[in-house]
Amino acid sequence: MAHSRRFDLSRLLRPRSIAVIGGKPAAEVIRQSRRMGFAGDIWPVHPQHDTVEGLPAFRSVAELPGAPDAVFLGINRHAVIEVTAALAERGAGGAVCYASGFAETGGEGADLQARLIEAAGAMPVLGPNCYGVINYLDGALLWPDQHGGQRVERGVALVTQSSNIAINLTMQRRGLPIAYVATLGNQAVAGLAEMVEAFLDDPRVTAIGLHIEGLAEPAALARAAARARRQGVPILALKTGRSAEGAQLTLSHTASLAGADAVTDAFLRRIGVVRVASLPVLLEALKLLHVVGPLPGRDIASMSCSGGEAALIADAALGTGLRFRPLDRAQTAWVAATVSELVTVSNPFDYHTFIWANAPAMTETFSAMMAADFDLTLLVLDLPRGDRCSDAAWVPSLEALVAASHRTGRKAALVASMPEGLPEDQAQRLVAAGVVPLLGIDDALAAISAAAEAGDILREVETPLPAEPVPLAPGPVRTLSEWQGKCRLSAQGVPVPEGRLVRSPDEAVLAAEAIDFPVVLKATGADLAHKTELGAVRLNLADAAALRAAATALAGLGEALLVERMIGGAVAELIVGIGRDPLLGLHLVLGSGGTLVELVGDRRILLLPAGRAEVAAAIRSLKVAKLLDGHRGRPPGDLDAAVDTVLAIQDFALAQAGRLAELDVNPLIVTSGGAVAADVLLRLVEDPDDR
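The following refers to the structure shown. (Residues numbered from 1 in each chain as written. Predicted model: local features only at pLDDT ≥ 70, side-chain atom pairs only at ≥ 80, totals over all residues. Heavy atoms only, no water.)

This part takes up the sheet that holds strand 16 (residues 349–350). Read from one edge of the open sheet, 5 strands run 16-15-17-18-19, paired in parallel fashion. Each edge of the open sheet is held by one strand with a lone partner, namely strand 16 and strand 19 (436–439). The pairing of strand 18 (residues 412–416) with strand 19 spans 4 bridges and is classified as parallel. Within the sheet, the bridge partner assigned to Ala416 lies in strand 19 and is Leu439. (Pairing = 2+ DSSP bridges. Helix = DSSP H or I, 4+ residues; strand = E, 2+ residues; numbered from the N terminus.)

Here is the structure:
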């Protein structure tokens, strides 16, 4: 795991001198740096060779003419330790450890990695078990293999743990300018957060893309992401894999609703990182952000010379959150004046082929459409393959799109319905002209949605960083009875039904008369976590006879009987839970509640602490929100009271962070005048006060 302190990676990423130590991999680093036009010094180190790739070789680190800014270690894992210590003592700016066989193998490898960390000291090291880093801005490569990139003046930065995925990304033919590629391997010394911070130090980086296999230090990443947000540099992430599951047996609905991947989603969204679902979408979204930046909204327009393409993109947009906003009367008239009277103006817009290959005419049409002020205007167009066909009749469409974008000052994109529908050279020309080339309709729309989310993040008020995870205290976890759980939450300000704990039917009747009918009767105890499934609940008992019969039937099911006031006037039911992720800590789960909670699966997850507005927005995003708004003439629910209750539950969780294993409030009954925790499941690390 990477250290929590920040390392200065500037010399390693932007070196003036590079030392390469080792055999074939080190020699390849020299060749790759020369091909990319690196203008600094390159110093080979080899104990037996007089020259490496025509350069004079030094026998050891001690013989180098100065402290190198960057070092590539292409030597075996045992030799790495001593050489790393020598480099740190010499004052090197940083190193790439290419060798494998460290912590990823366990046993001796884990011990070697610990020694590597100690040897590095304050010197940053990438890896071990990684290829290194490519700087396409300055032509500096600590990279022992082929790659597909080229020199650029500005571009996006890519970070992966996997060197193979990094190589694949450099081979993209999508017109994406890449400024940096960095691989992290085991992240023994410098990790993901440090790399993001280092990229933010370079104003030539326009956006950052992460491929994450595992979150080593979420708090450090949160701080780096907060800085990126302040600087206006969007971060996208493709997260794969799953966090380790908790060791304890889970009883609550919360545990089944809040899977590890959903918690990761909530974490990334909270810190301002946009999550994407695939490598193609990552590349397309980064390209869009590089060319036109985060989008101000989700209103888009589509133009094509085919009704089939118009229908295709309209269908593909369903469920993406993007909107093909209709044109108003004046906008429609403006567009109609530029096309044949046989053309129907709409959005998506099929402008037919009457003006095909006529760049001036298409410029007028495209300009009129863009003037309707969409957040992004798309031209759907696939070019013919260049080895067998001519694109001469297609190029005027590209020229018109660029001209219309420049004339109107509006953001525009060319969308090829298939990735092979736009050659790389044309994509590069569009990027240079300020128009986004997007490949594949589905990936393009996903990229546009990601860019709109990036815009949302930059416009939002920055939220507090997630709370530092508090480990669960040692000791056995005890499930409290419902009565005990409600007493704990009530003391924190959570409204619960008025109730009495009784031992017999006669006591139940006396309690109900004090509370007032109708009442609810429950068998309660630590072993009755799911009372409804066990038939241990009786609702709406209206008189003493009904209550006595129910109490007789439930006798012996639990440790005691709980008599509570029946909550009337329910508008909606929510589930409010607190889950615990082994890496990200406590989180809040909000969902549509009741007995069908897991079947419905409608939930939102928020990292603690969540603010009032965040909680309210999460509740409003649930399907049950229609009921809270007053469905079909029914009275609306008290959203403010529901939010107050959720925040009180959160306060309890934060106060008990070291002892809280699980918490379910299901249902939280929302009425027109309040919110009441009707059922509670609480599991805490055992303490004498719980007894």
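Taken as a class, soluble globular proteins show a tendency for nonpolar side chains to be buried jointly. Counting residues in hydrophobic clusters, the biggest one holds 145 residues, and the most contacted among them are Phe199, Ile208, Leu210 and Ile448. Among all residues touching Phe199, those that are not within four sequence positions of it are Leu13, Ala157, Leu158, Val159, Tyr180, Ala182, Val205 and Ile208. Among the nonpolar cores identified, the runner-up in size contains 40 residues, and Leu480, Leu574, Val576 and Leu590 belong to it. (Core = buried A, V, L, I, M, F, W, Y, C linked by side-chain atoms within 4.5 Å. Buried < 20%, exposed > 50% of the residue type's maximum accessible area, 1.4 Å probe, protein only. Contact = heavy atoms within 4.5 Å.)

Scanning the entire structure with this criterion turns up 7 aromatic pairs. Note on Tyr351 and Phe366: the rings are 5.5 Å apart at their centroids and 70° apart in plane angle, and the pair reads as edge-to-face. Taken as a pair, Tyr351 in the loop between strand 16 and helix 13 (359–370) and Phe366 in helix 13 lie far apart in primary sequence, 15 residues in all. Feature note: the residues Phe72, Tyr98, Tyr131 and Trp143 constitute an aromatic cluster, connected by ring pairs. The residue whose ring lies beneath Arg325 is Phe374, and the NZ or CZ to ring-centre distance is 4.3 Å. (Phe/Tyr/Trp six-rings, centres within 6.5 Å; stacked < 30°, edge-to-face > 60°. Lys NZ or Arg CZ within 6 Å of the ring centre and 35° of its normal.)

Looking at the secondary structure, you find Leu192 in helix 6 (residues 192–200). With residues near it in sequence (within four places) discarded, Leu192 still touches Val159, Leu184, Gln187, Leu210, Ile212 and Leu221.

Along the polypeptide, Val189 turns up in the loop between strand 11 (178–183) and helix 6. According to the relative accessible area criterion, Val189 is buried, its value standing at 1%. Distance from Val189 to Ala114, taken between C-alpha atoms, is 9.7 Å for residues 75 residues apart in sequence.

So, about helix 3 (residues 77–90). For helix 3, spanning 14 residues, the distance from its first C-alpha to its last is 20 Å, which sits close to the expected 20 Å at 1.5 Å a residue. Buried within helix 3 we find Val80, Ile81, Val83, Thr84 and Leu87. The secondary structure elements touched by the buried residues of helix 3 are strand 1 (17–22), strand 5 (70–74), strand 6 (95–97), helix 4 (108–120) and strand 7 (125–126). Backbone geometry just after helix 3 places Gly91 at a positive phi near 90°. (Expected span 1.5 Å × (residues − 1).)

What follows deals with the pattern of salt bridges. Enumeration over the complete set of coordinates arrives at 39 salt bridges. A salt bridge links Arg429 to Asp425, with the shortest nitrogen-to-oxygen separation between them at 3.5 Å. Here Arg429 pairs with Asp425, and both are found in helix 15 (residues 424–433), just 4 residues apart, close to one helical turn. Among the residues examined, Asp425 registers a relative accessible area of 38% and is labelled partly exposed. A salt bridge links Asp629 to Arg620, with the shortest nitrogen-to-oxygen separation between them at 3.0 Å. Residue classification places Arg620 among the partly exposed positions, given a relative accessible area of 47%. (Salt bridge = Lys/Arg side-chain N within 4 Å of Asp/Glu carboxyl O.)

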